[in-house]
Amino acid sequence: KLQRAHDRCYTLGFSIGILSHESHGLFKGEQVQKAKVPFRDTILVKSGAAFVYFEPEKRVVSRSDDECVVARIDQWFLKYGDEPW
């Protein structure tokens, strides 16, 4: 029951929800469904507060038939611009 209630609330929040907090900036008052992508791109990504992140959906193999592994370390994101990396 709890999972169904969660799913229902999430669906309703997305389909009929309205952005209402001051931090929503230009999108305050807009429907969540319509503002989700423009809000992400304009408010979060361009300001540097977030970035678009994708994980591979399946095993990644290089052209030389090697399995690709970025790193096996305990951190969420790699900072490629850092000198130690």
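Definitions and cut-offs
Residues numbered from 1 in each chain as written. Predicted model: local features only at pLDDT ≥ 70, side-chain atom pairs only at ≥ 80, totals over all residues. Heavy atoms only, no water. Helix = DSSP H or I, 4+ residues; strand = E, 2+ residues; numbered from the N terminus. Buried < 20%, exposed > 50% of the residue type's maximum accessible area, 1.4 Å probe, protein only. Contact = heavy atoms within 4.5 Å. Expected span 1.5 Å × (residues − 1). Bend = angle between axes of the 7 residues up to and from the residue. Phe/Tyr/Trp six-rings, centres within 6.5 Å; stacked < 30°, edge-to-face > 60°. Salt bridge = Lys/Arg side-chain N within 4 Å of Asp/Glu carboxyl O. Axes fitted to C-alpha atoms, helices over the stretch in contact; angles between N-to-C directions. Parallel < 35°, antiparallel > 145°, perpendicular 65-115°, else oblique. Nonpolar A, V, L, I, M, F, W, Y, C, P; charged D, E, K, R; others polar.

Participant: Could you give me a rundown of the overall build of the chain, with the residues and numbers involved?
Facilitator: Along the backbone of the chain there are 2 helices and 0 strands. Counting only residues that meet the buried cut, the chain has 7% of its 85 residues in that class. Across the chain, every contact between residues at least 6 apart in sequence was considered, and the portion connecting residues at least 24 apart equals 4%.

Participant: Which residues make up helix α2 (residues 32-45), and what values do they have?
Facilitator: With 14 residues, α2 ought to run about 20 Å at 1.5 Å a step, yet its terminal C-alpha atoms sit only 17 Å apart, falling short of that. The sharpest bend along α2 measures roughly 45° and falls at F39.

Participant: I'd like a rundown of the packing of aromatic side chains, residues and numbers included.
Facilitator: Evaluated as defined, the whole model comprises 1 aromatic pair. Considering the side-chain rings of F27 and F39, the 6.0 Å spacing of their centres and the 80° angle between planes classify their relative orientation as edge-to-face. Of this pair, F27 sits in the loop between α1 (2-16) and α2 while F39 sits in helix α2; the two residues are 12 residues apart in sequence, bridging distant segments of the chain. According to the relative accessible area criterion, F27 is buried, its value standing at 14%. Among the residues examined, F39 registers a relative accessible area of 15% and is labelled buried.

Participant: Report on the pattern of salt bridges, specifying residues and quantitative values.
Facilitator: Side chains that differ in sign of charge can pair as their charged atoms come close. Summed over all chains, the structure comprises 3 salt bridges. Between K28 and E22 there is a salt bridge whose closest N-O contact spans 2.5 Å. A relative accessible area of 39% places K28 in the partly exposed class. For D41, the salt bridge identified is with R40, shortest N-O distance 3.0 Å.

Participant: Any chance you could break down unusual backbone geometry for me, citing the residues and the numbers?
Facilitator: In this structure, D65 takes a positive phi of about 70° despite not being glycine. Along the chain, the position of D65 falls in the segment after α2. You can call D65 exposed: its relative accessible area is 62%.

Participant: Explain the packing of α1 against α2 to me, using residue names and the numbers behind them.
Facilitator: Where α1 meets α2, the closest approach of the two axes is 6 Å, and the angle between their N-to-C directions is 80°. In this view, α1 runs roughly perpendicular relative to α2, as classed from their interaxial angle. In this structure, α1 uses G13, F14 and S15 to contact α2, whose residues at the interface are V32, Q33 and K36. Of the residues contributing to the contact of α1 with α2, the split by class is 2 nonpolar, 3 polar and 1 charged.

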